[in-house]
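Letter by letter, the chains look like this.
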Amino acid sequence: MARPIEIIVDINDGKELWKLAVRIHHRWNVVSNNKEHFEMIFVDKSGDDIHVVVPASHMSVFNQKCLLDHTYTVSNFKVVPNVPAFKASAHKYMLKFIARTSVVDDDKHEIPLKPIVFTSCSDIIIGKFVKDVLLDVIGMVGSIGYAQAQSGAKKQQINMVLRDHSNNILNCTLWESYADQFMRFNQDKVDASVTTIVLLQYAKMKEEGYLLTYIKESVDEAKIDALEDRELVTMSFILHSDLEITSEHKPDAITPAGKRHFPGASSESTTLEGLCDGELTSNKLKKIIKLDKND
């Protein structure tokens, strides 16, 4: 008799045999000690998620079996405590693939896409968030400060101020390849007066005021694309880069910016205000950001 499908929220280390129906919400590669492995976020039909690690020794087996945004039946994995200092999932446990892990039923499950729920700049400033769980943040680039364009004695970096629709601001520093990408993006803008929006996923917070940074170990490149019209250019850093953000109090000198609509979208939920205060599904995200099909 076939084992029943279980749900992510019930996962614990009290037993060894589990069987899940999941969608791969995110996937990224990690290089550590000159060895490469990949990690994922699984989400189930209830919207709960869990962090998954596929060790280097099993990467060749599962690399083509685990595709982003596909659904699968997954069983026979190891359940371990979710102990990283900054967690990609709030779940108490994480999953580790082993030689006996089974990944089958490609795209045979009806599992909805998981929406992106942004942590507001105001909540970051007052510390209203779970300190050890990675965050999703969105904001306009208000100004650009110090930039170290060439690497050498010093790492490449660029400092900027991100601002939300209520004029709460966060100081942001991009490092190394991400600093280079942003600088090239900014130089290539056709109209310098066009607003740039930065979308950050899985950002980690550590104190210096308040400071956000993406997971440093990942080698997955940020995807940047410009959608140019009379109102907006969108830039997106998606999944694991080197990023730092520090919070400041809201300055009186900044004039409220009003609502800006993303190109190709017309609903209230796709204004910056709607995004900062609400949630963004993957379908809406694809309307905002045109990702390279080769990525």
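As shown above, the structure is provided for reference.
Every value quoted in this text rests on a predicted model; they were computed, and no experiment measured them. (Residues numbered from 1 in each chain as written. Predicted model: local features only at pLDDT ≥ 70, side-chain atom pairs only at ≥ 80, totals over all residues. Heavy atoms only, no water.)

Draft legend 1. Structural detail: the overall build of the chain. Looking only at helices and strands, the chain has 5 helices and 16 strands in total. Residues counted as buried form 51% of the 295 residues belonging to the chain. For the chain, the share of sequence-separated contacts (at least 6 apart) that also reach a separation of at least 24 residues comes to 64%. Here the chain has roughly 14800 Å² of accessible surface; of this, 49% comes from carbon and sulfur atoms. (Helix = DSSP H or I, 4+ residues; strand = E, 2+ residues; numbered from the N terminus. Buried < 20%, exposed > 50% of the residue type's maximum accessible area, 1.4 Å probe, protein only. Contact = heavy atoms within 4.5 Å. Areas by Shrake-Rupley, 256 points an atom, 1.4 Å probe, with all protein chains shown as cover.)

Draft legend 2. Spatial organisation of the nonpolar core. By size, the foremost hydrophobic cluster in this structure holds 23 residues, and its most contacted members are I11, M40, F42, L95 and F97. Excluding its chain neighbours within four sequence positions, the residues that come into contact with F42 are I8, V22, R23, I24, D48, D49, I50, V52, V74, L95 and F97. Grouped together as the second largest cluster of nonpolar side chains are 19 residues, L162, L170, L174 and L200 included. (Core = buried A, V, L, I, M, F, W, Y, C linked by side-chain atoms within 4.5 Å.)

Draft legend 3. Just helix α3 (residues 176–188), in detail. An ideal rise of 1.5 Å per residue puts 18 Å on 13 residues; α3 measures up with 19 Å between its terminal C-alpha atoms. Within the span of α3, buried status applies to Y178, A179, Q181, F182, M183 and F185. (Expected span 1.5 Å × (residues − 1).)

Draft legend 4. Representation of the pattern of salt bridges in the model. Applying the stated criterion to the full structure yields 4 salt bridges. Of the charged contacts in the structure, one is a salt bridge between K87 and D132, with a shortest N-O distance of 3.1 Å. Note that K87 is positioned in the loop between β5 (78–81) and β6 (93–96) and D132 in the loop between α2 (121–126) and β9 (135–148), a separation of 45 residues in sequence. (Salt bridge = Lys/Arg side-chain N within 4 Å of Asp/Glu carboxyl O.)

Draft legend 5. Quick look at the pairing of strand β4 (residues 71–75). Most of β4 sits out of view: 5 of its 5 residues are buried. Side chains of β4 alternate between two faces, with T71, T73 and S75 and Y72 and V74 buried alike. Here β4 runs beside strand β7 (residues 102–104); their pairing, made up of 3 bridges, is antiparallel. Bridging across to β7, V74 finds its partner in V103. (Pairing = 2+ DSSP bridges.)

Draft legend 6. Representation of the sheet that holds strand β2 (residues 35–43) in the model. Here we have 7 strands laid out as an open sheet, ordered β5-β6-β3-β2-β1-β4-β7, and mixed in their pairing. Two strands bound the open sheet, and with one partner strand each, they are β5 and β7. With direction set aside, neighbouring strand axes in the sheet form an average angle of 40°. Sheet analysis places strand β1 (residues 19–32) next to β4, joined by 5 bridges and oriented antiparallel. (Axes fitted to C-alpha atoms, helices over the stretch in contact; angles between N-to-C directions.)

Draft legend 7. Quick look at the side chain of T73. Examined against the element boundaries, T73 turns out to sit in strand β4. Note on T73: relative accessible area 4%, which makes it buried. Within the structure, the side chain of T73 is placed 2.7 Å from the side chain of D105, a separation counted as a polar contact. Among the polar contacts made by the side chain of T73, one reaches the side chain of H109 at a distance of 2.6 Å. If we ignore the near neighbours within four places in the chain, the residues touching T73 are I5, K19, L20, S102, V103, V104, D105 and H109. (Polar contact = N/O pair within 3.5 Å; in protein donor to acceptor, adjacent residues only side chain to side chain.)

Draft legend 8. Just the packing of aromatic side chains, in detail. Scanning the model with the defined rule gives 3 aromatic pairs in all. Between F42 and F97, the aromatic rings sit 6.4 Å apart at their centres with planes inclined by 55°, giving tilted as the arrangement. Placement of the pair is F42 in strand β2 and F97 in the loop between β6 and β7, with a sequence separation of 55 residues. Take F42 and F97: they sit in the same class, and that class is buried. Ring centres of F62 and F97 lie 4.9 Å apart, and the angle between their planes is 75°; this geometry places the pair in the edge-to-face category. (Phe/Tyr/Trp six-rings, centres within 6.5 Å; stacked < 30°, edge-to-face > 60°.)

Draft legend 9. The environment of S46, seen in detail. Turning to its location among the elements, S46 is positioned in the loop between β2 and β3 (49–54). Separated by 65 residues in sequence, S46 and I111 place their C-alpha atoms 8.4 Å apart.

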